[in-house]
Amino acid sequence: MSKSSDIIAGAAFLTLGVLLIFVLIPVGVDEPRKVPFAAASPSYYPKLIGYVIALLGAGILVQGLRRAPDDTPSVGFAPYAKVPVAMGIMAVFYLVLPFLGFILGAMLALCALMLLAGERSPKVLGLVSVLLPIGLYLFFAKVAGIPIPSGPLEPYLIRI
């Protein structure tokens, strides 16, 4: 990325993270008065994601500010066309979630998003798109006790 696009992206992610933490989550998440432990709070994981987004945005912003000016020519609108495509992939993931369940839907969505981002290694595509959804499912469903749609894999996941 160029210096200016790093600065813009970093500022946008930092703003989004701060907006999530201090505005959107407090307004949109009903918080009970007493929660036995922090991880059981309905706002815990959304705030954690907000902090990660803000931290990554700050890192990208600092990297953009430290980078020397870029003399490469502009590449046009092609990279920006990926944003609506990524949003479309996420919309399809949302729509198929009740039918395919989290694991299968996330596997397909992750693979499509990684291909869109330029990843071409079958090993990376396969490992990340298979292991990450399974790991997330096991953590949230089995450790945190948060119900996750399992779709057609439900008979197999009950045994775990």
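Above: the structure in question.
Everything numeric in this text was worked out from a predicted model, so none of it was measured. (Residues numbered from 1 in each chain as written. Predicted model: local features only at pLDDT ≥ 70, side-chain atom pairs only at ≥ 80, totals over all residues. Heavy atoms only, no water.)

> Could you give an account of the environment of Lys 142, with specific residues and numbers?
When you line up the elements, Lys 142 lands in helix α4 (residues 122-143). A polar contact is formed between the side chain of Lys 142 and the backbone oxygen of Leu 157, at a distance of 3.4 Å. (Helix = DSSP H or I, 4+ residues; strand = E, 2+ residues; numbered from the N terminus. Polar contact = N/O pair within 3.5 Å; in protein donor to acceptor, adjacent residues only side chain to side chain.)

> So what's going on with the nonpolar core? Residues and values would help.
In this structure, Ile 89, Phe 93, Phe 102, Ile 103, Ala 106, Met 107, Ala 109, Tyr 137 and Leu 157 together form the largest nonpolar core, which totals nine residues. Per element, the largest residue contribution to this core is seven residues, and it comes from helix α3 (residues 78-117). Ignoring anything within four residues of it in the chain, the contact list for Met 107 reads Ser 129, Val 130, Pro 133 and Ile 134. (Core = buried A, V, L, I, M, F, W, Y, C linked by side-chain atoms within 4.5 Å. Buried < 20%, exposed > 50% of the residue type's maximum accessible area, 1.4 Å probe, protein only. Contact = heavy atoms within 4.5 Å.)

> Describe in detail the packing of aromatic side chains, supporting the description with residues and values.
Across all of its chains, the model carries five aromatic pairs by this definition. Here the aromatic rings of Tyr 44 and Tyr 45 are separated by 5.0 Å at their centres, their planes lie at 85°, and the arrangement is edge-to-face. Relative accessible area serves as the criterion here: at 34%, Tyr 44 is assigned to the partly exposed category. Residue classification places Tyr 45 among the buried positions, given a relative accessible area of 17%. For the ring pair Tyr 45 and Phe 140, a centre distance of 5.2 Å and an interplane angle of 75° mean the geometry is edge-to-face. Of this pair, Tyr 45 sits in helix α2 (residues 44-66) while Phe 140 sits in helix α4, and the two are 95 residues apart along the sequence. An aromatic cluster is defined as three or more aromatic residues linked by ring pairs; in this entry it consists of Tyr 44, Tyr 45, Phe 139 and Phe 140. (Phe/Tyr/Trp six-rings, centres within 6.5 Å; stacked < 30°, edge-to-face > 60°.)

> Describe in detail the packing of α3 against α4, supporting the description with residues and values.
At a minimum axis distance of 9 Å, the contact between α3 and α4 shows a crossing angle of 145°. Classified by chirality, the crossing of α4 by α3 is right-handed. Residues Phe 102, Ile 103, Ala 106, Met 107, Leu 110, Cys 111, Met 114 and Leu 115 of α3 lie in contact with α4, whose contacting residues are Val 124, Leu 125, Val 128, Ser 129, Val 130, Leu 132, Pro 133, Ile 134, Leu 136 and Tyr 137. Residue composition of the contact of α3 with α4, grouped by class: 17 nonpolar, one polar and no charged. (Axes fitted to C-alpha atoms, helices over the stretch in contact; angles between N-to-C directions. Left-handed = near helix turned anticlockwise from the far one by under 90°. Nonpolar A, V, L, I, M, F, W, Y, C, P; charged D, E, K, R; others polar.)

> Run through a nonpolar patch on the surface, naming residues and quoting values.
On the surface, a nonpolar cluster with roughly 580 Å² of combined accessible area is contributed by Val 124, Leu 127, Val 128, Val 130, Leu 131, Leu 132, Ile 134 and Leu 136. For Val 128, the location among the structural elements is in helix α4. A residue is classified by how much of its surface remains accessible, and Val 128, at 32% relative accessible area, is partly exposed. (Patch = residues over 30% accessible without salt bridge, like charges linked within 9 Å, V, L, I, M, F, W, Y side chains within 5 Å. Areas by Shrake-Rupley, 256 points an atom, 1.4 Å probe, with all protein chains shown as cover. Salt bridge = Lys/Arg side-chain N within 4 Å of Asp/Glu carboxyl O.)

> Could you give me a rundown of the environment of Val 124, with the residues and numbers involved?
Relative to the elements of secondary structure, Val 124 occurs in helix α4. Sequence separation of Val 124 and Pro 42 is 82 residues, and the distance between their C-alpha atoms is 33 Å. Setting aside residues up to four positions removed in sequence, Val 124 forms contacts with Met 114, Glu 119 and Ser 129.

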